[in-house]
2 protein chains.
Amino acid sequence: MNNFTFYSPTFFAFGKDTENDAGSYVKRFGGSKVLIHYGGGSVVRSGLLDRVKASLEKEGLEYVELGGAQPNPRSGLVYQGIELCRKENVDFVLAVGGGSAIDSAKAIAAGAVYDGDFWDFYCGKWIEEALPVGTVLTIAAAGSEGSCSSVITNEDGMLKRGADGDAIRPKFSILNPALTQTLSPYQTACGITDIMAHLYERYLTNTKDVEVTDRMIEALLLTMVHEGPRVIADPNNYEARANIMWAGMMAHNDSCGVGRSQDWSSHRLEHELSAVYDCAHGAGLAVVMPAVFTYVMNHDVMRFAQVATRVWGCQMDFEHPEVTAKAGIEAFRSFLISIGMPKNFAELGAKEEDISEMVKTLCDVNSNGTVGGFVPLDKEACTAIYKLMV
Amino acid sequence: MNNFTFYSPTFFAFGKDTENDAGSYVKRFGGSKVLIHYGGGSVVRSGLLDRVKASLEKEGLEYVELGGAQPNPRSGLVYQGIELCRKENVDFVLAVGGGSAIDSAKAIAAGAVYDGDFWDFYCGKWIEEALPVGTVLTIAAAGSEGSCSSVITNEDGMLKRGADGDAIRPKFSILNPALTQTLSPYQTACGITDIMAHLYERYLTNTKDVEVTDRMIEALLLTMVHEGPRVIADPNNYEARANIMWAGMMAHNDSCGVGRSQDWSSHRLEHELSAVYDCAHGAGLAVVMPAVFTYVMNHDVMRFAQVATRVWGCQMDFEHPEVTAKAGIEAFRSFLISIGMPKNFAELGAKEEDISEMVKTLCDVNSNGTVGGFVPLDKEACTAIYKLMV
């Protein structure tokens, strides 16, 4: 195991009706003038926004609002949010929504106290300082509610990039599984896929002897395998929603990714797809992951055989471990299809003729030639992997 | 799943040589005058104490020392520590050692800023305020490095009791697995048993539909089943030590115990044994747990069958689940014996004739008649369970 540090000082309030305590948590973590940042109309229509506002008012807190955060959140709205924070002397940013609203809120929080262009952080600058951020989560997926990361798409060139820093880790996050019951099966499945991707990205490691984190990742994958179909079959299943929601946080606060190299090639390859086609991140990942795994499998067959037997219930073929490894990838692909995820470029709305342009952005513009920590993937490899998705 | 809050704001530095950063972490978390609190001579003999002191000096920090924390730490030393903190204007307590030194340091930290007798906290008063605490951990066992709990034995009546409060959760904890390589196989096995007990205490729940935390607990148990024998066979196996050390923290920071009722009857029954016979807590637990599980098994046979199949590799007997449940308990018992733990009163140095007195202290003095959240155990039940250990 590699040396590491781990710090996850987010306060989590989990369960029914917990959004009504948003105001008291903002106060506890030092806020007095709040920017409420949210996405589309569902937060308004469901009455959630009103409940959150009422809880702020109850604590005597002032607030301003900024809606409009969309999937694959854009830099334009971030600039608006930063301006609003400065003009209104906002001292706390409260995201109400999913990963997009939260990531956008984190970017605003960092940009509001930074002299330069916030996009610097998305070009590699570590975030040292930010307004405190809190979240009321409405979809189990991104894990942004417990992470120190944010992903934003710059409309100037449609570059989708990430930024990190302990300063943007939420001070508190409110997780009420009941709020996710109104999600469509498709949105729910996208969330499940994203959570599983966060787990696989950590699972694909070159660090040896990492039993404890391997087992924890497998535990969370097994949870998704069990609870995913339950919640797709019955969207109102609170218990299944609750298990998925806590797993989604644990999958990405890095407690199961510490001390080991990680991959993240699937996320990188997917970001090109959602930047270009504006598809749902989870849907893109569903198409990307089986292709990546098929391509890199031979780098460590036993690792893929391990997840195949421990998570996917495959019988180990001790004479031909590659058979088991492959069976695990196919079981994962079938699982994703069974919960309603797309399986190829056509179903995603992506086009083969765009591959060379995406590979160029991916390897030349966004990286130093290769992507991924498990197997460094160059332009040729990325091209081959995208072609597996056609 | 039940509603819950979860807050684990401890900074963890994990890996080789990390104790040399103790000074910088004390500084980061606001300390200037430190009480270094430790246990026996091994911390001195190994040179660890000198390295920690050097790291404090490097940061220009002042310190005073108090050694002598012993297994089942005593109230007498806590009073000494409190006096020393007040006299020397200590503003940070740094524990160097295992669960005993840490628990004793937590009691000192709480008592130093409290007007009354610190023992109040161990009679049920929540700890609201304390000096900040940091730890340099030398044994993977108690999980106190990431928990908000402390257990102290009052020499006046040999009452062993616990106290809790977010204020005593360590600000930072330094976990260097190499520091645990000098532990004897017996001490190591006691630690492994304690970690597994923290997991089983959470596993025995009456809350339904807790897949995510069930799976995480099983993951950590599987880690112990795999790494335990490796480290007993080769005490210098750094990798096995590392996996056990992180599992020990995760087992007790409650990330896998949230949203579910828990048991803790084994700990309560064991505390009487270690209070009276001063045996190692882990050794006591090894004798107590199989007896408790055998006694309560019929309360939820399927739960015991689940852990038997998922952790102990037992084949599920679908017609007679109680056969599988029992096989899992026996597999656990055999595992404990295989790593060198005692199996009964005689091997522990406990005496059948003391049972009635222990049960009296347990149920009359320490509790309101019963112990345990899974099955409330009254005097009769506790007596029967102790008799199973003879």
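Note that the structure is a prediction, hence the values are computed from the model and not measured. (Residues numbered from 1 in each chain as written. Chains lettered and ligands numbered in written order. Predicted model: local features only at pLDDT ≥ 70, side-chain atom pairs only at ≥ 80, totals over all residues.)

### Observations concerning the confidence of the model for chain A
Then step 1. In this model, chain A carries a mean pLDDT of 96, and residues with pLDDT of at least 70 account for 100%.
Then step 2. In the predicted assembly, ipTM is 0.96 and pTM is 0.96. (pLDDT = per-residue confidence, 0-100.)

### So, the sheet that holds strand β4 (residues 92-97) of chain B
Then step 1. With mixed pairing, 12 strands are arranged side by side in an open sheet as β3(A)-β2(A)-β4(A)-β5(A)-β8(A)-β1(A)-β1(B)-β8(B)-β5(B)-β4(B)-β2(B)-β3(B). One side of each edge strand has no neighbouring strand; the edge strands of this open sheet are β3 (62-66) of chain A together with β3 (62-66) of chain B. Taken over all neighbouring pairs, the strand axes of this sheet differ in orientation by 25° on average, direction set aside.
Then step 2. Here 5 bridges tie strand β4 (residues 92-97) of chain A to strand β5 (residues 133-137) of chain A, and the two strands are oriented parallel to one another. If you follow V93(A) over to β5(A), its bridge partner there is V133(A). (Pairing = 2+ DSSP bridges. Helix = DSSP H or I, 4+ residues; strand = E, 2+ residues; numbered from the N terminus. Axes fitted to C-alpha atoms, helices over the stretch in contact; angles between N-to-C directions.)

### Quick notes on the pairing of strand β8 (residues 172-175) of chain A
All names here are of chain A.
Then step 1. Along β8, one buried face is formed by F172 and I174 and the opposite face, lined by S173 and L175, is buried too.
Then step 2. Sheet topology places strand β1 (residues 4-14) next to β8; 4 bridges connect them, and they run parallel. Bridging across to β8, F14 finds its partner in L175.
Then step 3. Inspection of the sheet shows β5 paired to β8 by 4 bridges, in the parallel sense. (Buried ≥ 20, exposed ≤ 12 C-beta atoms within 10 Å, placed from the backbone.)

### Some words on the relation of the copies chain B and chain A
Between the two copies of this chain, the relationship is a rotation about some axis together with a displacement along it.
Then step 1. Expressed as a screw operation, the relation of chain B to chain A combines 0.0 Å of axial shift with a rotation of 180°, fitting to an RMSD of 0.0 Å. This pairing of chains is accounted for by a two-fold axis. For chain B, the smallest separation between a C-alpha atom and the rotation axis is recorded for P9(B), amounting to 1.9 Å. (Least-squares fit on C-alpha atoms with pLDDT ≥ 70 in both.)

### Focus on the nonpolar core
Then step 1. Residues V93(A), V96(A), L220(A), V93(B), V96(B) and L220(B) are the most contacted members of the largest nonpolar core, which totals 274 residues.
Then step 2. Excluding residues within four positions of it along the chain, V93(A) makes contact with L35(A), H37(A), A105(A), I108(A), A109(A), L131(A) and V133(A). (Core = buried A, V, L, I, M, F, W, Y, C linked by C-beta atoms within 7 Å. Contact = placed C-beta atoms within 7 Å.)

### A short note on the interface of chain B and chain A
Then step 1. Of the residues lining the interface, 36 residues belong to chain B; the matching set on chain A comes to 36 residues.
Then step 2. Looking at the side of chain B that touches chain A, the elements that each hand over two or more residues are β1 (4-14), α7 (211-233) and α8 (238-250) of chain B.
Then step 3. Within the side of chain B that touches chain A, the residues separate by chemical class into 18 nonpolar, 11 polar and 7 charged. (Nonpolar A, V, L, I, M, F, W, Y, C, P; charged D, E, K, R; others polar.)

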